[in-house]
Amino acid sequence: MSIEVKNAFKYYGEQAALNDVSFKINSGEIVGFLGPNGAGKSTMMKIITCFIPKSAGSVEVCGLDVEKDSIAVRRKVGYLPEHNPLYLDMYVKEYLGFVAGIYGLKNKKERVAEMIEMVGLQKEQNKKIGALSKGYRQRVGLAQAIIHEPEVLILDEPTSGLDPNQLVDIRQLILNIGKTKTVMLSTHIMQEVEAICDRVIIIKEGKIVADDTAKHIQQKDEVKQTVLVEFDQEVSRNQLRQIVGVKSVKQIEGNKWIFTGEGDIRPAIAKFSQQNSVLVLAMSIAEKSMEEVFKELTGN
Ligand code: ADP
Ligand code: MG
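Residues numbered from 1 in each chain as written. Chains lettered and ligands numbered in written order. Predicted model: local features only at pLDDT ≥ 70, side-chain atom pairs only at ≥ 80, totals over all residues. Heavy atoms only, no water.

As for the sheet that holds strand E6 (residues 77–80)
Cut-off, in case you're wondering: Strands qualify as paired when DSSP identifies two bridges or more between them. Under the scheme used here, helices are H or I runs from DSSP no shorter than 4 residues and strands are E runs no shorter than 2 residues, and both carry numbers assigned from the N terminus. Orientation is described by axes fitted as lines to C-alpha atoms, over the contacting stretch for helices, and by angles from 0 to 180 degrees between their N-to-C directions. Contacts are assigned to residue pairs with any non-hydrogen atoms lying within 4.5 Å of each other.
On the basis of which strands lie adjacent, the open sheet formed by six strands has the order E6-E7-E8-E3-E9-E10 and mixed pairing. The open sheet is flanked by E6 and strand E10 (207–212), the only strands paired with a single partner. Strand-to-strand twist in this sheet, taken as the mean axis angle between neighbours without regard to direction, amounts to 15°. Examined bridge by bridge, strand E3 (residues 30–34) and strand E9 (residues 199–204) share four bridges and lie parallel to one another. In the sheet register, Phe33 faces E9, and the bridge partner there is Ile201. Most of the contacts of helix H1 (residues 41–48) go to strand E8 (residues 182–187), to which it runs at about 150°, and overall it touches E3, E6, strand E7 (152–156), E8 and E9.

Section: the sheet that holds strand E11 (residues 224–231)
With antiparallel pairing, four strands are arranged side by side in an open sheet as E12-E13-E11-E14. If you trace the sheet from one side to the other, it starts and ends with strand E12 (246–253) and strand E14 (280–286), each paired once. Sheet twist, expressed as the average angle between the axes of neighbouring strands with direction ignored, equals 20°.

Some points on H1
Turn by turn, an α-helix covers 3.6 residues, leaving residues three or four places apart pointing in a common direction. Test applied: Here's how the labels work: a residue is buried when its accessible area is under 20% of the maximum for its type, exposed when over 50%, partly exposed in between, all with a 1.4 Å probe on protein chains only.
In terms of burial, H1 is largely enclosed, as seven of its eight residues are buried. Among the residues making up H1, those that are buried are Lys41, Ser42, Thr43, Met44, Met45, Ile47 and Ile48. Downstream of H1 by a residue or two, Cys50 has a phi angle that is positive, lying close to 70°.

Remarks on the pattern of salt bridges
Rules: For salt bridges, the criterion is a side-chain nitrogen of Lys or Arg within 4 Å of an Asp or Glu carboxyl oxygen.
For the structure on display, the rule yields twelve salt bridges. One salt bridge connects Glu4 with Lys24, and the closest N-O pair in it is separated by 3.8 Å. Residue Glu4 is found in strand E1 (residues 3–12), and its partner Lys24 is found in strand E2 (residues 15–25); the two are separated by 20 residues along the sequence. By relative accessible area, Glu4 is classed as buried at 18%. In this structure, Arg171 and Glu192 form a salt bridge, with 3.0 Å as the shortest nitrogen-oxygen distance. Residue Arg171 is found in helix H6 (residues 164–178), and its partner Glu192 is found in helix H7 (residues 190–196); the two are separated by 21 residues along the sequence. Each member of the pair Arg171 and Glu192 is classed as buried. Counted as one network, the salt bridges with shared partners bring together Glu29, Arg199 and Asp211.

And the structure:
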């Protein structure tokens, strides 16, 4: 197990930013940590990376306690904070050399060169960090996070504020780096999760509301499904409303109807048609986008 959080709480004064949070992340997984602003994502990540203490519960990284074994945990974890504080007056190479020094790496020069190559900073390596675009600054941030070869990478909103091209590049880079590491990345962009994550943990107001693959979360019972049906004849709205699981029916034109219901209501609609000798000419379920699923689960 790479990360194991059990019944974690974090209070800022009276306010519980984390309220009984538990989850596990297996070695090699890329997990998306999703939630609206203020949900507790950064707080959880700061605890995992030993930057702030939890109020209660247990948090382990590679079997090591984040408080009792914090030095060992820091060696195993690479962290890209949300608003990555870079030294804008330092040169890219100089900065990465400085970070390598903090970790006491022996082969500093080689390691810095490897990092520059890995994150695609060759052309920018002799520039000041302050002269780089946001996308390239994030590359510096990623290089700094992996320079000591951590097993676990914690990336707090690594793509926020990037333009569409930079976004694609950084995602690809995370996917490449993630091939050999455990990655937990926070985001509020759903497509990001679909693009790179094996699993999604959704947090709302300090509580976990979903923890599954994106596909399974889309099919959750709490998530309303929309089904489009065309019958061969007129049917009454009242009859349709009585189908098990149906929450709403809307006639769009002629004999075409839109149903919403809990879970997959297609079998119930098929049964209805059979029992009432009505033919179904077409029926399709509208796949929910992760965006819609997220809105339903977090009430935003
Ligand atoms: P997210 O990263 O999901 O946007 P955060 O973990 O930053 O959420 O914040 C969770 C909650 O804790 C928010 O309500 C936020 O205002 C509060 N919070 C975060 N950091 C502090 C702090 N240092 N002092 C007081 N409240 C904080
Ligand atoms: Mg945050």
